[in-house]
Each structure stands twice: as C-alpha cells, then as structure tokens.
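# Structural overview for review
The lines below spell out each chain.
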Amino acid sequence: MHGLFRWRAKWWPGVVPLVALWIFAAWSNTAPVEADLTARSTAALKDAVLDKTRIEVDGRDVTIGADAFSQDGRHRAVTSVEAVPGVRLVNDETRLVPEAKPFVWSAERDVVRVTLGGSAPLPSVKGKLADATRTALGGVEVADQMNLARGAPPRFEAAALLLIDQIGKLKDGKITISDTGVTLSGMARELGGREAIAAALKNLPEGFSVAANDVKAPPYVFQAYKDPVAVTLTLSGNVPDNNVHSAIAQAASRKFFSEKVVDNLKPSVGAPSGFAAAVVPALGALSRLSTGTLVVSDREVKLSGDALYDAAAAQIRAGLAKDFPQNFEFKPDISVKPASAPVDPTVCQQLFSDLLGKAKVRFESGRATIDPDSAGLLDRLVEIALRCPTSNIEVGGHTDADGEDTVNQALSEKRAQAVVDYLVKAGLPASRFTAVGYGSTQPVAGNDTDEGKAQNRRIEFLVR
C-alpha cells in the first residue's frame, strides 16, 4: 500500500498538462464557431428595426438583447436568428420600447441653439428630424435630446418635418406636438414671419390640428431722423404698402423744406391700424425740431429732440397727444435748443430773406388758414425774430392776379395777419409786427403760368 501511494505521487503531475491540452483544443474549436455565429446572427438582423442591439454567443447558443418597437418586430428578430444555420438555441432578452402617452415631441429655439426634445418613434426618424433641423437652420447649434418611444400618431414624421421648417422663422420660441395637437409660441424673426407660419400650418397632415398658436410678430417700427449737420431727413423701417409709402414720402417732402429726404423704407405686413394717421402728424412735429428722432413702434410713438423755442416745445407735447388715432401712445422727450446769438437788423433781414427764398408759407386754397405743413418753416421764422428783439417787422401778404382785386387784397391781409397771429402765439410781442396786404399789386413773376402765379402767392418779412 505504501508503494501504491508512492506511485500515485509520481503519476498525477503528468495529468495536468493533458487537461490543459484538452481545454486548449476545446477552446480552439469553439472560438471560430462562436465568431461565425455572431457574424451571421448580426447579418440576419440587418433589416430589423431595433435599438441597442446586443448579440452574445456561447457555443451554439445565441443570446439576443435589443429594444424593439413592436411585438411583431421583436418576434421577427428572434425568428431571424433562429433560422441561422448552426444556431441551437436563441435566448430572447429583447424588450419593447416604452410607450409614450401622450406622445410628445418638441423643438425649442433660444438665442444660440435649437433643442429637439420629447419622443421619436424610430431611430431612423430621430436621425432624420435632427438632420432636417441642421439643414433648415444652417449653422445654428442643434441639441438632440429626443428619446425613442412607441405611440406616435400616423403621419407624425411628416408633421414634425413641416414644423421644423417653421422653427427657422422664429427668433425664439417652441413648437410642440402632443399626439395630434400642435402648439406654437414665441416671437417671429421678421415681420411677416407670423403670417407665413400660420399659412404653413394649413398644410399639416391629415389628423393634425393647431391647438394653440401664440407666435407674436416683432414690433412694427418706423423711424425718422432729422440731422441738421448733414441737412437730411432719413426715413427707415417699415410701411404697410406702396400707397402709404408714397403718401409718407410726399408728406415728408412738404414738411421738411430744406432737408434732403433719404428714403430707406420697406413695405411689410403687420402695421397697426391707423399707422399712417399717426406717422404723418408725428413727422410734422419732427419738422418743428432743430434736430430730432421719431420712432413709431407698433402703437407707441417716441419723439425726442430740441424745439426752437419754449412755446413750440409745449405745443408739440400737448398737440400730438390729441392728434393721434385712438390707442396710440405718445411719449415726447422734447427739450429746447439754446438761444442763438442776437443779430443786428441788417443780418436779421438777410436771414428772413434767405429762409423765405427756400420755402413759402402755404395756406389752404383761397383761404387764410395756414397749411400745417408750414409749421416747421414758421418756427424757423420765429427763431430768427427772437434774434433781433428790438426790430419791428412788417409781414406782407401777396396773391396772384386771379380773381377780383378787392378779394385778393382782403385775402392777402388775412394771410399776413394769420402769420402775425402765429408769431404772437409763439410768445413774441404783438407790438413788433404789422400785417400788410398787397393783393396782386407786387408780382415777382408773370401771372400767365401756374409757376409764376405760385411765386406771386407769398409771405414776405421786412425788418424796419
């Protein structure tokens, strides 16, 4: 017995290499089989609609794990692997993607990026929506935070792609699909953007509808800047249409007698009701300032600048508030230009003559009512009169030769007196002014043409 134990002690160490050789041989034969089955199982699933697919092979047994998007798709995936030659057993560890109730998808835009959130029904749809967003928005960053879920309504993809086209029209905002209801909010990037989005929503796929559309238009802005150095009036911003554009440009040309009008206006939708009725009198007020800026933003009118004298500032502040259409808000910021240095009567006369050589005080046809478009000119005449406070001034009225002499005489007197009344209302002493009517007795041009008649209808200032 003792000898037997001695024999065993010499024998068992030789068994260890044999076992190792057996294990190596078994592994050498199994590894290629498992690799082959892995490759062929993967190929069998290439057309399957799955997510997070995982294949593990142990000998000839295959374990398949994946997220499936339908029970039928899950079953077909397992069946496809079972049909692979050499597979003995398929261990099914697939699961259905959770169902979203309600099925919600969203696209939200802020200053720097668009974030896609909520659910997408398939990986291919998820990728297509992200790619479409990048294409539609150029270089804008796109953050894909979509999850995969079941439960999307029919034609979801078409609805989402149509809405992605609209996100580019927003400066900021959010578009959401909840089952078949669409909600939108935010601010349109440009005027007309809100209307373009509303028009596009009429093409939503069958079954989808707009639950809420709270997209706002950007402010409708009109601006005018009077620059006394460049002697220009610059118009910019928006007007409703070509007719209003023409009316505003013509009003500016009448009211600003010495400034060159630089017209940068562009027609655009979205003007508030009463737009032109607010802009035209506001331009009249701007014409009375030595320098100033007019901004009409929706129904808010801001006018800032320097009036030529104290009474003008008070008149502008009080007058425009009642001149605007209902629901417009007037916000004046009117100061008074520092008084210019006094001048002697000779210089004063030259200033009057130069100014009235550039423009004429206009009246309603056949009447002594001063045209409101002449307010800017009259304020300049007031400013000059303030610079020669000791001089007496004759205001002379002249007409053309049409009509009876007595009628023309009376009309010229009334028009001269209307100008004196304007000067006195501005705060100048009435004792300094004399209104004289000359009728048609002192023409400066022939009365046989319309142009000549227009030159003869005039107001003149004579410093005494």
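The following refers to the structure shown. (Residues numbered from 1 in each chain as written. Predicted model: local features only at pLDDT ≥ 70, side-chain atom pairs only at ≥ 80, totals over all residues. Heavy atoms only, no water.)

## Observations concerning the overall build of the chain
For the chain, the count of helices and strands is 13 helices and 20 strands. Computed over its C-alpha atoms, the radius of gyration of the chain comes to 43 Å, more than 25% above the 23 Å expected for a compact globule of 464 residues. For the chain, the spread of C-alpha atoms along the three principal axes comes to 160 × 55 × 35 Å. A fraction of 68% describes how many contacts in the chain between residues 6 or more apart in sequence connect residues 24 or more apart. The distance from the centre of the 53 positive side-chain charges to the centre of the 55 negative ones in the chain is 6 Å. (Helix = DSSP H or I, 4+ residues; strand = E, 2+ residues; numbered from the N terminus. Rg over C-alpha atoms; globule rule 2.2 N^0.38 Å. Contact = heavy atoms within 4.5 Å. Lys, Arg positive; Asp, Glu negative; His and termini not counted. Charge placed at Lys NZ, Arg CZ, Asp CG, Glu CD.)

## So, the nonpolar core
For soluble globular proteins, the rule of thumb is that nonpolar side chains tend to be buried together. The biggest cluster of nonpolar side chains holds 64 residues, and the ones touching the most others in it are F222, L283, L294, L303, V361, V419 and F461. Each of two domains, domain 3 (221-336) and domain 4 (345-463), supplies a minimum of three residues to this core. Discounting residues that sit within four places of it in the chain, L283 has contacts with F222, A224, L235, I248, A252, K255, F256 and L294. Counting 35 residues, the second-largest nonpolar core is a separate cluster that includes A107, V125, A130 and F156. (Core = buried A, V, L, I, M, F, W, Y, C linked by side-chain atoms within 4.5 Å. Buried < 20%, exposed > 50% of the residue type's maximum accessible area, 1.4 Å probe, protein only. Domains from an automatic or database assignment.)

## Some words on the pattern of salt bridges
Tallying each qualifying case throughout the model produces 24 salt bridges. E259 serves as the salt-bridge partner of K226, at 3.8 Å between the closest nitrogen and oxygen. A residue pair is termed long-range when its members are at least 10 positions apart, and K226 in strand β12 (residues 221-227) and E259 in the loop between α7 (242-255) and β14 (260-267) qualify at 33 residues. Look at the salt bridges and you will find they share partners, linking R54, E56 and E93 into a network. (Salt bridge = Lys/Arg side-chain N within 4 Å of Asp/Glu carboxyl O.)

## Quick look at the state of the cysteines
Scanning the model with the defined rule gives 1 disulfide in all. A disulfide bridge connects C348 with C388, and the sulfur atoms are separated by 2.1 Å. Placement of C348 in helix α10 (residues 345-358) and of C388 in the loop between α11 (375-387) and β18 (393-398) is noted, with a sequence separation of 40 residues between them. You'll find C348 and C388 in the same group, each marked buried. (Disulfide = S-S within 2.5 Å.)

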